[in-house]
Amino acid sequence: MTQPNVGAIVADTQAYYDGPADEIYRTIWGDNLHLGVPSYDGCSHPEAMENTNAIMAQAVPLTPQSHVLDLGCGYGATARYLAANYGCRVTGTNISEKELELARVRSREAGLDSLLSFEYGDFHRLPYPDDSYDVVWSQEAFLHAADKNAVLSECRRVLKPDGTLIFTDILVRRDTPDADRARIYDRVKSPDMWDLPDYRKALAALELTVTREEDWSQHVAPSYAWVRDRLQEQRHALLPRVGAETIDNTVAALSFWVDSGNAGNIGWALFVARPSG
């Protein structure tokens, strides 16, 4: 089996998030770059994203003594949510310098500098000692990993023996046709995307016991439909910054993701796991 070129894939992912995607995400998504679980009928997508943060935070033990590592922290919205609501320390890592820069600005604006730090970090090889964090947290980031087993192994390594790993990720079902799979990967420049059994197997191999698993796949299509529709609404404002071709290609790619979500080819799931023993 050909080994993935981790460095090249990390560079491609960084270029994606520091390129036109940064302008689109800031304009459309805002600071919170995640899918949403609605809390009531008619719930707006921004509210649904906040609800996702709340669901996840309630699933792990968080106190002012907790130190959380947020892998793929985006613009730091989740880190700010955790610090503001639980008083815990959060270290956010990311490979996008543009996202890190805004995360630091927002942290200062919120008066949370004493609890938050944002650092460049490639989750294939984390620059932290063993047993460093009470909680390792990630939302829709592992899909970008060139070697997901290595990433999960690093999560296990830096997690304290009594700590908790919690993450969500976007899935591609195992029976998805190869042509569709390639189109799904292309939008986010992902080298590979896993399904539920792949994560279960990898976590078990690392002696991480899954204490909670939830399939949130029904929320994929509505989340991306919201993003697509907002992009179309903001087309005129974005044209000078990203160009018509980029906008049109992104709308088409998002529409394919909506269709793939409705067809059951793209999923989304939550995992909570703790070291065994």
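Whatever comes next refers back to the structure up there.
Bear in mind the structure is a predicted one, so any value in this text is a computation, not a measurement.

About the criteria used
Residues numbered from 1 in each chain as written. Predicted model: local features only at pLDDT ≥ 70, side-chain atom pairs only at ≥ 80, totals over all residues. Heavy atoms only, no water. Phe/Tyr/Trp six-rings, centres within 6.5 Å; stacked < 30°, edge-to-face > 60°. Buried < 20%, exposed > 50% of the residue type's maximum accessible area, 1.4 Å probe, protein only. Pairing = 2+ DSSP bridges. Helix = DSSP H or I, 4+ residues; strand = E, 2+ residues; numbered from the N terminus. Axes fitted to C-alpha atoms, helices over the stretch in contact; angles between N-to-C directions. Contact = heavy atoms within 4.5 Å. Salt bridge = Lys/Arg side-chain N within 4 Å of Asp/Glu carboxyl O. Right-handed = clockwise from strand over helix to strand, strands pointing away. Core = buried A, V, L, I, M, F, W, Y, C linked by side-chain atoms within 4.5 Å. Parallel < 35°, antiparallel > 145°, perpendicular 65-115°, else oblique. Left-handed = near helix turned anticlockwise from the far one by under 90°. Arc of directions from axis to C-beta.

**Thoughts on the packing of aromatic side chains**
Two aromatic rings, taken as a pair, are described by how far apart their centres are and by the angle between their planes. Scanning the entire structure with this criterion turns up nine aromatic pairs. Where Tyr 128 meets Tyr 133, the ring centres are 5.5 Å apart and the plane angle is 80°; that geometry is what we call edge-to-face. Just as Tyr 128 is buried, Tyr 133 falls in that class too. Considering the side-chain rings of Trp 216 and Trp 268, the 5.0 Å spacing of their centres and the 65° angle between planes classify their relative orientation as edge-to-face.

**Considering the sheet that holds strand β1 (residues 67–71)**
Read across the open sheet, the seven strands follow the order β3-β2-β1-β4-β5-β7-β6; overall the sheet is mixed. Each edge of the open sheet is held by one strand with a lone partner, namely β3 (116–120) and β6 (208–215). Neighbour to neighbour, the strand axes of the sheet diverge by 15° on average, direction disregarded. Looking at chain direction, β1 and strand β4 (residues 133–139) are connected through four bridges and run parallel. By the bridge assignment, Val 68 is partnered in β4 with Val 135. Contacting β1, β2 (89–94), β3 and β4, helix α4 (residues 77–86) crosses the sheet at an angle of about 155° to β3.

**A word on the pattern of salt bridges**
Applying the stated criterion to the full structure yields 12 salt bridges. A salt bridge links Glu 109 to Arg 106, with the shortest nitrogen-to-oxygen separation between them at 3.4 Å. Remark: Arg 106 and Glu 109 occur in helix α5 (residues 97–109); sequence separation between them is three residues, near one turn of the helix. The partly exposed category is assigned to Arg 106, whose relative accessible area is 27%. Between Asp 134 and Lys 160 there is a salt bridge, with its nearest N and O atoms 3.2 Å apart.

**Section: the pairing of β1**
Within a regular strand, the side chains alternate between the two sheet faces. Burial analysis of β1 places five of its five residues in the buried class, which makes it a mostly covered element. The side-chain alternation of β1 yields two buried faces, one formed by His 67, Leu 69 and Leu 71 and the other by Val 68 and Asp 70. Bridge count for β1 against β2 is five bridges, and the pairing is parallel. Counted as the bridge partner of Leu 69 is Thr 91 from β2. Following the chain from β1 across α4 to the adjacent parallel β2, one finds a crossover that is right-handed.

**Here we look at the pairing of β3**
Relative to β3, β2 runs parallel, the two sharing five bridges. Residue pairing across strands places Val 90 opposite Leu 116, the latter belonging to β3. After leaving β2, the chain enters α5 and then returns to the sheet as β3, a path that is right-handed.

**Regarding the nonpolar core**
Residues Leu 82, Trp 137, Ile 170 and Tyr 224 are the most contacted members of the largest nonpolar core, which totals 60 residues. Counting residues per element, this core draws most heavily on helix α9 (residues 220–233), which supplies seven residues. Residues Val 151, Leu 152, Leu 159 and Phe 271 belong to the second largest nonpolar core, which totals 27 residues.

**What about the packing of helix α7 (residues 178–188) against helix α11 (residues 244–262)?**
Running from amino to carboxyl end, α7 crosses α11 at an angle of 130°, the nearest separation of the two axes being 10 Å. Classified by the interaxial angle, the pair formed by α7 and α11 is oblique. As for the relative orientation of α7 and α11, their crossing is left-handed in sense. Two secondary-structure elements touch here, α7 through Asp 180, Arg 183, Ile 184, Arg 187 and Val 188 and α11 through Ala 253, Leu 254, Phe 256, Trp 257 and Ser 260.

**Things to note about helix α8 (residues 196–205)**
Along α8, the residues that are buried comprise Leu 196, Tyr 199, Ala 202 and Leu 203. Mapping the buried residues of α8 onto a view down its axis gives an arc of 135°, with all of them on the same face. With respect to the buried face of α8, the exposed residues turned more than 90 degrees away are Lys 201, Ala 204 and Ala 205. Elements in contact with the buried residues of α8: α6 (148–158), β5 (159–172), β6 and β7 (266–275). Note on α8: the residue one or two positions beyond its end, Glu 207, has a positive phi of about 55°.

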